[in-house]
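Observations on chain architecture
Single-letter residue listing:
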Number of protein chains: 2
Amino acid sequence: MEKQTITIYDVAREAAVSMATVSRVVNGNPNVKPATRKKVLEVIDRLDYRPNAVARGLASKKTTTVGVIIPDVTNVYFSSLARGIDDVASMYKYNIILANSDGNPQKEAQVLNTLLAKQVDGIIFMGNNLTDELRAQFARAKTPIVLAGSVDAKNEVESVHVDYVAAVEEAVADLINHGNKRVAFITGPMSDPINGEYRLKGYKNVLAKHGIEYDPDLVFETDYSYRAGEVLWPALASAKATAAFVGDDELACGVLNGAKDAGVKVPAEFEIITSNNSKLTEIVRPQLSSITQPLYDIGAVSMRFLTKMMNKDDMSSAEKTIELPYGYIKRASTK
Amino acid sequence: MEKQTITIYDVAREAAVSMATVSRVVNGNPNVKPATRKKVLEVIDRLDYRPNAVARGLASKKTTTVGVIIPDVTNVYFSSLARGIDDVASMYKYNIILANSDGNPQKEAQVLNTLLAKQVDGIIFMGNNLTDELRAQFARAKTPIVLAGSVDAKNEVESVHVDYVAAVEEAVADLINHGNKRVAFITGPMSDPINGEYRLKGYKNVLAKHGIEYDPDLVFETDYSYRAGEVLWPALASAKATAAFVGDDELACGVLNGAKDAGVKVPAEFEIITSNNSKLTEIVRPQLSSITQPLYDIGAVSMRFLTKMMNKDDMSSAEKTIELPYGYIKRASTK
DNA sequence: CTGAAAGCGCTAACAG
DNA sequence: CTGTTAGCGCTTTCAG
């Protein structure tokens, strides 16, 4: 019942060379005579030798694995990022340790700790709200970190995302150009700077640009759920909103269905623009017009960025923030 | 610029004890005098010492990380399982290395290899179709493995899932009881035994039980996509189907919308039952009746199962297969 | 209850 | 081009 692990030493003995040589061929070091390389390779194959990555990690101080902190894999927004991350990670021979945090600062801190204990070479963080404590922990850790699809309000840690301000400006401007004077602003928690800072700023900007006064009654802060949107209609109606910008697709589907269930015609009587262009936007009827974000790419670029940071210790020259282009797709929920 | 890592040795020196003692307190070994424990703890705290999990892994031959092979995190079915897995994993102090395989046998084999190289303590595999080669690789590896929400047609590998045969029987029986004589069977690839073997068997069973002849024209093998379902209506119509069992929610949404767009009334003229009860079922109109599977629980139970396997080497007594109960929820897409 | 010492399997100088 | 020799940081007997 023993777990007869065969080691580099076994290979060395069988091939009648030193461990160093075996190590060299395993790591593709060119300084090995083709003949001996061939011999070693044969033995490796015969013995079915598989290098122990843990030992290698201890000796080389590199684990070729990166930690990924995600609020919830079940959320398509984040899982899309995660997919992008994993794809380029494996492209660069890295593996991903995935940990759900529920956006809970306590869990995030805890997870970050075990990730560091496991000696990950880098970390990708997705989270709505970067607390000061966490930022401090990041600073202390000498491990490269990048925020994916998230922002650091204080801009201290590197990140990749889209220009949320501009995206919202464009969306809301469209709504206003359709004649809407009262456009609702519906998002998740304002504690997330994406909502409370950038998107809101964009919203206010366009309003000002069009000489419309900002009315707090048109701002709805909810959580990111279908249900939250579904029950929102009465409130929207009494606020006399005739259109809405929504910060999340699931939430938008709820708003849409809530309105429809109340007999409201979309887009004739009420227009909706959502933010993530996930599959949901095409599944509901009418299909939702949406800001488009290159979710997969944000993940992919984040990981690519991280690989660069993990290679050179000198990143001083590079920008801390990478902004990817957003877009807009018109569907049937707007005129 | 140096990465001043502080080790167990530093702690030992500062606390004026041996490494062994430090190790004991770190690992909660009771054989330490409270006084010395306290002293060590203080030093650990003062030095901000964090045990190196890699070194620990090498010495103890346990990494407290398990590998998770998933077709695509972006798919809600699988990400739900993954969430369940991660939650109980972290409950047991394990971390997850998550790797996407796209259900591609080659990638699966490759990923499995690197997972083993990284000395994971166990593996959870989600995949549609377990090839013989992979099964062989599993057998060779001395690492515990369990299939989550997936089946091994040959029943050699431990797994947890629902009774697919019975679930489909129930769903289709319901449709037949509503007077439907021609019920379509729409699923993803038949190469997945869940579809080609279990579900299809369930479908045929009920048909037989109700004296209805099996008609291959009513069987639609597509891929798991919204689009695939959307374009299916013409074929369904010409096959004279009046109801359908669908093996995937996204696919079902496509079928539903395709039918609706063709002016078909659901459920009056066409009934639909889908299989995974994901959020999608509640977002479309009419909402979809669905078989319910405890996805999160399947993941959670799989991981729990795995922890048991990782602890005792003796698993001979236990069942290889854990079957979780499925359910059925009636919504508006059936009469 | 505590310490000494031998590795875990591999990489990385450093010689040659 | 190849071998020797130290470790990497921690766990784990084995003594005492």
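Placed above this text is the structure.
Residues numbered from 1 in each chain as written. Chains lettered and ligands numbered in written order. Predicted model: local features only at pLDDT ≥ 70, side-chain atom pairs only at ≥ 80, totals over all residues. Heavy atoms only, no water.

**Some remarks on helix α5 (residues 76-91) of chain A**
Residues and elements named next belong to chain A. Along its 16 residues, α5 runs 22 Å from first to last C-alpha, staying within 8% of the 22 Å computed at 1.5 Å per residue. Within α5, 13 of the 16 residues are buried, which leaves it mostly tucked inside the rest of the structure. Backbone nitrogen of Tyr77 and a side-chain oxygen of the N-cap are separated by 2.7 Å at the start of α5; the cap is Asn75. Lys93, located one to two residues past α5, shows a positive phi value of around 65°. (Helix = DSSP H or I, 4+ residues; strand = E, 2+ residues; numbered from the N terminus. Expected span 1.5 Å × (residues − 1). Buried < 20%, exposed > 50% of the residue type's maximum accessible area, 1.4 Å probe, protein only. Polar contact = N/O pair within 3.5 Å; in protein donor to acceptor, adjacent residues only side chain to side chain.)

**A short note on the sheet that holds strand β7 (residues 219-221) of chain B**
Residues and elements named next belong to chain B. Pairing is mixed across the open sheet formed by six strands, whose spatial order is β7-β6-β8-β9-β10-β12. The open sheet has two edge strands, β7 and β12 (327-329), and neither has a second partner. Ignoring strand direction, the axes of neighbouring strands in this sheet form an average angle of 20°. In this structure, strand β8 (residues 243-246) lies alongside strand β9 (residues 271-274), joined through three bridges in parallel fashion. By the bridge assignment for β9, Ala244 is matched with Ile272. Where helix α8 (residues 164-177) meets the sheet, its contacts fall on β6 (183-187), β8, β9, β10 (289-292) and β12, and the angle it forms with β8 comes to roughly 165°. Here helix α9 (residues 193-209) sits on the sheet and contacts β6, β7 and β8; the angle it forms with β6, its principal contact strand, is near 165°. (Pairing = 2+ DSSP bridges. Axes fitted to C-alpha atoms, helices over the stretch in contact; angles between N-to-C directions. Contact = heavy atoms within 4.5 Å.)

**Topic: the protein's contact with DNA strand C**
The immediate surroundings of DNA strand C are formed by 26 residues, with A:Ile8, A:Tyr49, B:Thr21, B:Arg24 and B:Lys33 found nearest. Across the atoms of DNA strand C situated within 4 Å of the protein, the share located in sugar and phosphate is 63%. A distance of 3.5 Å separates a base oxygen of DNA strand C from a polar atom in the backbone of B:Leu58. Mapped by element, the contributors of at least two residues to the surface near DNA strand C are α2 (19-26) and α4 (53-60) of chain A together with α2 (19-26) and α4 (53-60) of chain B. (Near = heavy atom within 4 Å.)

**Some remarks on the interface of chain A and chain B**
On the side of chain B, 50 residues touch chain A, which itself brings 50 residues to the contact. Both faces considered, chain A and chain B share a buried interface measuring about 4500 Å² in area, 51% of it formed by carbon and sulfur atoms. For chain A, the biggest contributors to the area lost against chain B are A:Arg83, A:Lys118 and A:Ile283; these three give 15% of the whole. Between the two partners, chain A and chain B, sit twelve salt bridges. (Buried area = accessible area lost by both parts, 1.4 Å probe. Salt bridge = Lys/Arg side-chain N within 4 Å of Asp/Glu carboxyl O.)

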